[in-house]
Every structure is written in C-alpha cells, then in structure tokens.
Amino acid sequence: MLKLRDFLHLPQLDHLINQLVQDDGGLVVLAGIEARVVAPEENEAIMPSGLSAIFNILMQEILLAHPLSQAVVSAEERSLAKVPRQISRRVRLLKVEGPGMYAQQIEIAARQRPGLLVIERLNEESAAAAFRAAQSGVRVLVQLDSVLRGPAVVHQILELGVPREHLPALHWILTNQRMAVLCGHCKRPVAQGDDQIEQLRRRYPHLGTAIDTLLAGTVETLKTGQATKKGAGPHANMRFYRAGSCEHCHGTGYQGDMAIFDIFRNDPAEKSFFSQKSLLSLEEYALYLAAEGDLDLDDLLDLENHHLRRTYQMLTTSERRLTETNLALSRKLVELEASNRVLLQRTEVLMSLQDLGQALITSTDLSELAARICRRAGELCGADRVALYFKRTEEGDSGMAEILALRGWDSSFVGQRLDVRQVYDLNEKPRITRCMQTPP
Ligand SMILES: [Zn+2]
C-alpha cells in the first residue's frame, strides 16, 4: 500500500500527520491544485500534482488509525473510493449523480453517522453541507481546489457560502503544492560568502528558529530526524544551491518536481483563524528541502512568484490543450457533418432507385413512368429542368427519338420527335450529347 510517507520528504511532517489522522473529529481540508491537463503529453513541463493520490492515501491513513470506523465516500468518480483490500469493506461509495445532488447526498451520508465522511470536492454545492456534517460530529475529509495555503484557505471557504459560525468545525488544513527540483548534474553551490542566511532571515522573519536549528545541526540530522549532531560548527553541512544548465535537464536547471506541504491546525482557543500560524509552514518546509540541495535558493527566496509562475504555466498549458481539443473536435464535427450529408444523399439515391425499380415492375402507363423518372432525376441532381428522350431500338441507329417527358419546360413538346443524333452521339463509344444551350 502506498503510504503518505512516500510523498513526504521530511520527518518533521510525520508527527503532524499522525496528529491529523488520529484527531477525534472535525473537518480536514486538503488544499492544492489538481492538474488541469486535458490529455497529458510526454515531456509535459507540468505533471499532475498527485493531489487526488495524496487525498486517497490520507483517507486510508485515517481509517487505519481508527480501526472500527467505516467510511462513506461522496464522489462523482469511482476511483476516489479505491482502497487496498484490507480496508475495502470499510469504504462505501455514495455516487453523486448529476448536478444539484451533492448537498443532498452529503446530508444522507451524514445521517448514517459514518466514522469518516469523504467528500471529493469542496465547492458552492457541497461546502455548507460538509460543514454541517462536521458540526454534527462526523469526521469529514474534503479536497479543495486552491492556490492559497494555511489559514488563507479559510477566505476561500467563506466565499463558498460556509457560515462563520460553522468555521470551528474546521480542524486541519493540509496544503500541498509542488516545486521544481534542481537538476542533480548541474546545480551550483551558493558560495559561503553569500549573504544567503541574512537574505533568508530578512525575507522570512518567522523562520528564524528553523534557520538557527539548521545552522546548529547537519543535513544528516534533518534527513533521519534524529537529534544526533554530526559534523562540526555552524554551516557545517548546510549548503544551498542554485540552478545550473546541462544536457540532462535540457538547459533548464531543473528535473521534475516534488511535493511541499503546509500544515495548519485550528486552535479552538484562538478567536480568529487569521491570527494563527501554520504548525509547519510551506516556507519552512521548502527551507529544509533547499538546505538539502533539492530546491533552488532563489525559488525559496521568491516562493510566491515561483508558485504564481507555476500556477500560471499550468493554467495556460491546460487552456492551450482545451483550445487544441476544441479545434480537433470542431474539425471532426465538420467531417462528420459532411459524411452525414453524403450518407443522406446516398440514401435518397437508393430510395429513388428503389422507387423507380418498383415503378418499372408495376407500372403499365409509360407516360406516368416517364414523368416519375423525370421528377426523381431532377430531385437527385438538384435540377429544376429535366428532359427525357426515348429511342426505340427497332427504329435502328439512324432512327428518331421522342421527347417522352419534361420537367420545367412547356409540356406541349412532349411527344415531339427529333433526330436521335441530336441527343445521342453514335460514335464508337456511344454517349449522350452534351448541349450547352437549350436542349433540342
Ligand atoms: Zn542539469
């Protein structure tokens, strides 16, 4: 089974996630941006964030922490309720069928008092019902599409129509974002003389303690999470890097990306969300990863812009994909319409031929049959004028022809006889004469 730990790169997160999954109840929000790539291509710069995967694992970990709990999953997609066999009997999917059904489904699910209510997406439809369920004592886990992090996410939740008095039901906000990882082949260490530490302190004053810990400890200490001190003195193993350029990363300086997290827990003793800080902020998380050489120091110093750039890139990529998909669909539609027209035409031809065949078998009236042939021929060719000539074989090749039927011309000409050569070329390959003026 894939564990949340597989996504986490730092031990600092472990005990916080443990607290989160073992919490008694309330609402847990996983905030982040789910990839909007319509049809991912190879070499795509932006890969899916894996938000749903993290969400699914979070659900599993909560269930494992509460062995007697059953989960009800309210989702449009079946895939969200997929769990390993060992807990699959404890998970039930309540499929959301169509728009307008979300809130109702959540109410139904909440009335069953499940140990865990999993809601695929927090939006205008589901938000109020999700908070009511949490308020009534049900443990709720939801995903929220958001570019915000930590307590700022609450602004977005309020905009979804959740009443302020229901906000205390919100216990945890786990934010997941992604950052580009430095190419291991060409990353360049930042010179020791660089005023990197001072820059970091100025940029993120609240990271002072974390920076001090880093200075006192070593990178190994961070990775194992053990308090043993290796190496000696400040700056011993802490080294920041900047992006380089090489053939391995196609000159970009980056290879792939990694998840970074922000963990916020609402303290019920506090009056407001917005005066509270995250237990582990995104900046702090990124600081540890930068100190391990995974992230670019400049990206860390400019985290907001890095995030904005990536979000913008992802949105434009998906917008371009949507446009391309729409264009391809329009082209297909035009092709289909053309095929449909041809098909209709062929059907008409077939029906006309069938009609004529039937008439040939059953009709005893030559002029009625001739009029019908004229009409059908006119319909098939889209012609408003048709003349049907008739040549009797017994009259020989040099014989006469007769106007048998007309459409669009004076019917008094019907029955008139004319030289067959005027309408029928009797050369080696006999064919109908083409006339550019009024036919004879
Ligand atoms: Zn490189």
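A brief look at the structure comes next. Note on numbering: residues in each chain are counted from 1, in written sequence order. Predicted model: local features are reported for residues with pLDDT of at least 70 only, side-chain atom pairs are reported and counted for 80 or more only, and whole-chain, interface and lining totals are derived from all residues. With hydrogens and water stripped out, all remaining heavy atoms of the structure feed into the side-chain values.

1. Brief notes about the coordination of the zinc ion
And then number 1: Around the zinc ion, the donor atoms from the protein are C183 (SG), C186 (SG), C246 (SG) and C249 (SG), and they sit 2.3 Å away.
And then number 2: Considering all four donor atoms around the zinc ion, angles at the metal cover 105 to 114 degrees and the coordination shape is tetrahedral. For Na, K and Ca the donor cut-off is 3.2 Å, and for all other metals it is 2.8 Å, counting N, O and S atoms only; because water is absent from this set, sites may look incomplete. Sites are called tetrahedral only when four donors show all angles between 85 and 135 degrees, square planar or octahedral only when four or six donors show opposite pairs over 155 degrees and all other angles between 65 and 115, and irregular in any remaining case.

2. Observations concerning the nonpolar core
And then number 1: Among the nonpolar cores identified, the biggest contains 60 residues, and L200, F240, L287 and L300 are the most heavily contacted of them.
And then number 2: Aside from chain neighbours lying at most four places away, what touches L287 is L200, L207, A210, I211, L214, F240 and L300.
And then number 3: To form a nonpolar core, buried Ala, Val, Leu, Ile, Met, Phe, Trp, Tyr and Cys residues must be joined to one another through side-chain atoms within 4.5 Å. Working definition: with a 1.4 Å probe on protein chains only, accessible area under 20% of the residue-type maximum means buried, over 50% means exposed, and in between means partly exposed. Counting residues in each nonpolar core, the second largest holds 35 residues, with V96, L122, A129 and A133 among its members. For this analysis, residues touch if any pair of their heavy atoms sits within 4.5 Å.

3. Some details on the pairing of strand β11 (residues 400-407)
Residues in a regular strand point their side chains to alternate faces of the sheet.
And then number 1: As judged from the five bridges shared by strand β10 (residues 386-390) and β11, these two strands associate in the antiparallel manner. Bridge pairing in β11 links A387 to L406.
And then number 2: Examined bridge by bridge, β11 and strand β12 (residues 417-419) share three bridges and lie antiparallel to one another. For E402, the partnering residue across the bridge sits in β12 and is R417. For two strands to be treated as a pair, DSSP must find no fewer than two bridges joining them. Strands are runs of DSSP state E lasting at least 2 residues, helices are runs of H or I lasting at least 4, and numbering of each runs from the N terminus.

4. What to know about the sheet that holds β10
And then number 1: The strand order β10-β11-β12 describes an open sheet built from three strands, whose pairing is antiparallel. With one partner strand each, in any of the chains shown, β10 and β12 form the two edges of the open sheet. This sheet shows a mean twist of 40 degrees between the axes of neighbouring strands, independent of strand direction.
And then number 2: Here helix α13 (residues 366-381) sits on the sheet and contacts β10 and β11; the angle it forms with β11, its principal contact strand, is near 65 degrees. Convention adopted: a line fitted to C-alpha atoms gives each axis, helices being fitted over their contacting stretch, and angles between N-to-C directions are expressed from 0 to 180 degrees.

5. Considerations on the packing of aromatic side chains
And then number 1: Ring pairs are drawn from Phe, Tyr and Trp, using the six-membered ring of Trp, whenever the two centres fall within 6.5 Å, and their geometry is named by plane angle: stacked under 30 degrees, edge-to-face over 60, tilted for the rest. Per the counting criterion, the structure on display carries two aromatic pairs.
And then number 2: Ring centres of F261 and Y285 lie 5.8 Å apart, and the angle between their planes is 80 degrees; on these two criteria the pair is classed as edge-to-face. Placement of F261 in strand β9 (residues 254-265) and of Y285 in helix α10 (residues 282-291) is noted, with a sequence separation of 24 residues between them. As far as the burial class goes, F261 and Y285 line up, both buried.
And then number 3: With centroids separated by 6.1 Å and ring planes inclined at 35 degrees, the aromatic side chains of F264 and F273 adopt a geometry described as tilted.
And then number 4: A ring is considered to have a charge above it if a Lys NZ or an Arg CZ atom is located within 6 Å of its centre and within 35 degrees of its normal. Across from the ring centre of Y241, 4.6 Å away, lies the NZ or CZ of K187, which sits over that ring.

6. Observations concerning the sheet that holds strand β5 (residues 140-145)
Paired through backbone hydrogen bonds, the strands of a sheet run either parallel or antiparallel to each other.
And then number 1: Taken together, seven strands build an open sheet; the order of strands is β3-β2-β4-β5-β1-β6-β9 and the sheet is mixed. Among the strands making up the open sheet, the edge pair consists of β3 (91-95) and β9. On average, each strand axis in the sheet is tilted by 20 degrees relative to the strand beside it, whichever way the strands run.
And then number 2: Pairing of strand β6 (residues 170-182) with β9, which is carried by ten bridges, proceeds in the antiparallel orientation. Within the sheet, the bridge partner assigned to M179 lies in β9 and is M258.
And then number 3: Against the sheet, helix α1 (residues 12-22) engages β1 (27-32), β6 and β9, with an angle of about 150 degrees to β6.

7. A look at the packing of helix α7 (residues 196-203) against helix α8 (residues 208-216)
A packed helix pair is summarised by two numbers, namely the angle formed by the two axes and the spacing between the axes.
And then number 1: At their nearest, the axes of α7 and α8 sit 9 Å apart, and the two run at 155 degrees to each other. Classed by the angle they form, the pair α7 and α8 counts as roughly antiparallel. Between α7 and α8, the residues in contact are I197, L200 and R201 and G208, I211, D212 and L215, respectively.
And then number 2: The residue classification treats Ala, Val, Leu, Ile, Met, Phe, Trp, Tyr, Cys and Pro as nonpolar and Asp, Glu, Lys and Arg as charged. All others, Gly included, are polar. Here the contact of α7 with α8 is built from residues that sort into four nonpolar, one polar and two charged. Angle categories are assigned with fixed cut-offs, so that under 35 degrees is roughly parallel, over 145 is roughly antiparallel, 65 to 115 is roughly perpendicular, and the rest are oblique.

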